[in-house]
Every structure is written in C-alpha cells, then in structure tokens.
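Residue-level listing of the chains:
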Amino acid sequence: MKKSIYILNGPNLNLLGAREPDIYGSETLADVERRCAARAKTHGFDIRFHQSNHEGQLVDWIHEARSNGLGIIINAGAFTHTSVALHDALKAADVPAIEVHLSNVFKREAFRHHSHISGAVSGIILGFGVTSYELAVDGLVEILKGK
Ligand code: CA2
C-alpha cells in the first residue's frame, strides 16, 4: 500500500462553514480536503483525511500513521489545549507532524494560548484560515524531501 500524508481534524471541525464564518471562514471541511489533496498531488503525495469528535479515535489514527503514513498534519481543535494523550501519541509517532490552526489562537481567549501538542511536532502553522492547511502540506513535504 502506498504511504500517505495523514491529515487529522478534531472536535467540531465537521461544522466548518456552517457557523462562526468570521473566525473560521465559509469553506467546509470537504473543501479543505479537496484543497489539501490537490496541493499534496502537486508534490506527488496522496492524503488520508479524517475528522473525529473523539480523542481516542484521533489517537488511533496517529498510531495508524506510524505504519501507513509518511507524516501527520493535525488540527486537534479544542483537544489542542487539553490533551496529554495526543501529545504522547504524536511523540511516539516516529513520523514528522505539523500542528495547524485556522485562526490565530494568540489573538483569542487566553485558554487557547497553550497547546499541549506543540512540543511533540516539527512545526506549527496558524492564522491563515484554510490556507494554513495548504501551507502545512508544503511544510511537511519540505521535511519529507529533506529526509
Ligand atoms: O483555529 C483553529 O483551527 C482551532 O483549532 C479551532 C478549534 C478551537 O478550539 C481551537 O482553539 C483553534 C475549534 C474548532 C471548531 O470549529 C468550528 C467551526 C465552525 C463552527 C464551529 C466550530
């Protein structure tokens, strides 16, 4: 099986485009997937794109990426600010990971300023809306090509 870039999305990101367009924009998660697939394709890579509202499911996909993935792009949503389990899973992943956020969390509430996962990833991209994901694809590919 050809290895892919895993793109993982956490809680409530299935609502993208349906609410809070002033913060998150009007594109849907399906639009994000299409954009990421197209961007990865220009670099010769395939993606596996997932969303879950459940922490354990995200942990399971990170474990899966250890054997079937080239790298991980993760928008952990609110779990970013709470999850030691995601930190530990990313630390153990053995593949490079990029943390991504649509919004600039540092312009928002103080509880969004701390990330539990930043210390377990190679890079972080935030604040560019849906373009954050495309920039993360480019950044991850840079890391993969440098290996
Ligand atoms: O800016 C980001 O990408 C966030 O990871 C989004 C999370 C938030 O908890 C983080 O602090 C920053 C929230 C995702 C929820 O997405 C929604 C999208 C549309 C409508 C409602 C929620």
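In what follows, the structure referred to is the one given above.
Remember, predicted model here, so these are calculated numbers, not experimental data. (Residues numbered from 1 in each chain as written. Predicted model: local features only at pLDDT ≥ 70, side-chain atom pairs only at ≥ 80, totals over all residues. Heavy atoms only, no water.)

### With respect to the nonpolar core
Consideration 1: Within the largest apolar cluster, 23 residues are counted, with the highest numbers of intra-cluster contacts made by Ile-5, Ile-7, Val-32, Cys-36, Ile-73 and Tyr-133.
Consideration 2: Mapped by element, the contributors of at least two residues to this core are strand E1 (4-9), helix H2 (29-42), strand E2 (47-51), strand E4 (97-101) and helix H5 (131-146).
Consideration 3: Here Ile-7 is in contact with Cys-36, Ile-47, Arg-48, Phe-49, His-50, Ile-73, Tyr-133 and Val-137, once residues within four sequence places are set aside.
Consideration 4: Membership of the second largest hydrophobic core comes to 20 residues, among which are Leu-8, Val-59, Ile-117 and Ala-120. (Core = buried A, V, L, I, M, F, W, Y, C linked by side-chain atoms within 4.5 Å. Buried < 20%, exposed > 50% of the residue type's maximum accessible area, 1.4 Å probe, protein only. Helix = DSSP H or I, 4+ residues; strand = E, 2+ residues; numbered from the N terminus. Contact = heavy atoms within 4.5 Å.)

### Let's talk about the layout of surface pockets
Consideration 1: Computed from the structure, the largest pocket encloses a volume of approximately 390 Å³.
Consideration 2: Every residue lining the largest pocket is counted, 19 residues in all, and those nearest its centre are Pro-11, Asn-12, Leu-13, Tyr-24 and Arg-112.
Consideration 3: Looking at the lining of the largest pocket residue by residue, the classes come out as 8 nonpolar, 7 polar and 4 charged. (1 Å grid on protein atoms, 1.4 Å probe; cavity = no way out; pocket = protein on both sides within 12 Å on 5 of 7 lines; lining within 4 Å. Points joined across faces, edges and corners; volume = space filled by probe spheres on them. Nonpolar A, V, L, I, M, F, W, Y, C, P; charged D, E, K, R; others polar.)

### Comments concerning the environment of Asn-104
Consideration 1: Considering the arrangement of structural elements, one finds Asn-104 in the loop between E4 and strand E5 (123-126).
Consideration 2: Take Asn-104: its relative accessible area is 28%, and that puts it in the partly exposed class.
Consideration 3: With 39 residues separating them along the chain, Asn-104 and Ala-65 place their C-alpha atoms 27 Å apart.
Consideration 4: Setting aside its immediate chain neighbours within four residues, Asn-104 contacts Leu-126 and Gly-127.
Consideration 5: Side-chain polar atoms of Asn-104 contact the backbone nitrogen of Phe-106, separated by 3.0 Å. (Polar contact = N/O pair within 3.5 Å; in protein donor to acceptor, adjacent residues only side chain to side chain.)

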